[in-house]
Amino acid sequence: MKRHCDLCDHQKLSLKEGSLCGLTNKKPSFHRTCVKIDFNKILISLLEDLHINFEDQKNMKKKSATNFIIKPILGVVVILIGYYLWQFIWSVGYIAFIPAAIIAMGAYLIRNPFTQRKLFYIQIRKIENELFEIEEVLKMYHVSYTTKVTFSKEIHGTQEAKANIKISK
């Protein structure tokens, strides 16, 4: 029931009693589907947020593709610089910690894009699961929707996004 009520405009939340139906002011009680469910504002807002986040994550994943190549190469170069600096300092007879820090920075540069990519996949999967759960509930009511997400031109690292959701019953 919770998944149904979370999408309904009639839902009221109470700290004392939890989710209540705004029409009856009682706990929801229906079997399989609710005859008075109303999909409008809450559903549209939720779908807009999810689809904008989904497209944003996909776009950021594409943008990070160059980092997936450049950062590991740069990391190897930094590690080599640290290694040769360490060899030079060691040959002079000193022990230095700065080359170790340089080598650690190189290792970070190699690892970072892989971690970043993994986080994109986790976020995308999470959003896909949320959308799947919503679509599962909507199928019970024979409701579908279409969506179109548009992004404005990026200015100084900020980009406006707009989702157009149309619900059809």
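Residues numbered from 1 in each chain as written. Predicted model: local features only at pLDDT ≥ 70, side-chain atom pairs only at ≥ 80, totals over all residues. Heavy atoms only, no water.

Caption draft 1: Structural detail: the pattern of salt bridges. In the structure shown here, the tally under the stated rule is 3 salt bridges. Notably, a salt bridge pairs Arg3 with Glu136, separated by 3.0 Å at the nearest N-O pair. Taken together, the positions of Arg3 in helix 1 (residues 2-5) and Glu136 in helix 4 (residues 98-140) put the pair 133 residues apart, joining distant regions of the chain. For Arg3, a relative accessible area of 34% corresponds to the partly exposed category. Of the residues examined, Glu136 reaches a relative accessible area of 31% and is grouped as partly exposed. (Salt bridge = Lys/Arg side-chain N within 4 Å of Asp/Glu carboxyl O. Helix = DSSP H or I, 4+ residues; strand = E, 2+ residues; numbered from the N terminus. Buried < 20%, exposed > 50% of the residue type's maximum accessible area, 1.4 Å probe, protein only.)

Caption draft 2: View of helix 4. Its 43 residues give helix 4 an end-to-end C-alpha distance of 63 Å, which sits within 8% of 63 Å, the value for a rise of 1.5 Å per residue. Of all the bends in helix 4, the greatest, near 35°, is centred on Arg111, and the proline Pro113 appears no more than four residues after it. Regarding helix 4, the residues found buried are Pro99, Gly106, Leu109, Asn112, Pro113, Phe120, Ile124, Ile127, Leu131, Ile134, Val137 and Leu138. In this structure, the buried side of helix 4 is in contact with helix 1, helix 2 (41-63), helix 3 (65-92) and strand 3 (144-151). The positive-phi residue at the C-terminal boundary of helix 4 is His142, with phi of around 55°. (Expected span 1.5 Å × (residues − 1). Bend = angle between axes of the 7 residues up to and from the residue. Contact = heavy atoms within 4.5 Å.)

Caption draft 3: Expanded view of the packing of helix 2 against helix 4. Two elements in contact, helix 2 and helix 4, have axes separated by 10 Å at closest approach and are oriented at 155°. Classified by the interaxial angle, the pair formed by helix 2 and helix 4 is roughly antiparallel. In the packing of helix 2 onto helix 4, the handedness of the crossing is left-handed. For the pair helix 2 and helix 4, contact is made by Leu43, Leu46, Leu47, Leu50, His51, Asn53, Phe54, Gln57, Lys58, Met60 and Lys61 and by Arg117, Phe120, Tyr121, Gln123, Ile124, Ile127, Glu128, Glu130, Leu131, Ile134 and Leu138, respectively. A class-by-class count of the residues in the contact of helix 2 with helix 4 yields 13 nonpolar, 4 polar and 5 charged. (Axes fitted to C-alpha atoms, helices over the stretch in contact; angles between N-to-C directions. Parallel < 35°, antiparallel > 145°, perpendicular 65-115°, else oblique. Left-handed = near helix turned anticlockwise from the far one by under 90°. Nonpolar A, V, L, I, M, F, W, Y, C, P; charged D, E, K, R; others polar.)

Caption draft 4: Molecular detail of the packing of helix 3 against helix 4. Packing of helix 3 against helix 4 brings their axes to within 7 Å, and their N-to-C directions diverge by 165°. The pairing of helix 3 with helix 4 is recorded here as roughly antiparallel in orientation. Here the hand of the crossing between helix 3 and helix 4 comes out left-handed. Its residues assigned to classes, the contact of helix 3 with helix 4 shows 21 nonpolar, 6 polar and 2 charged.

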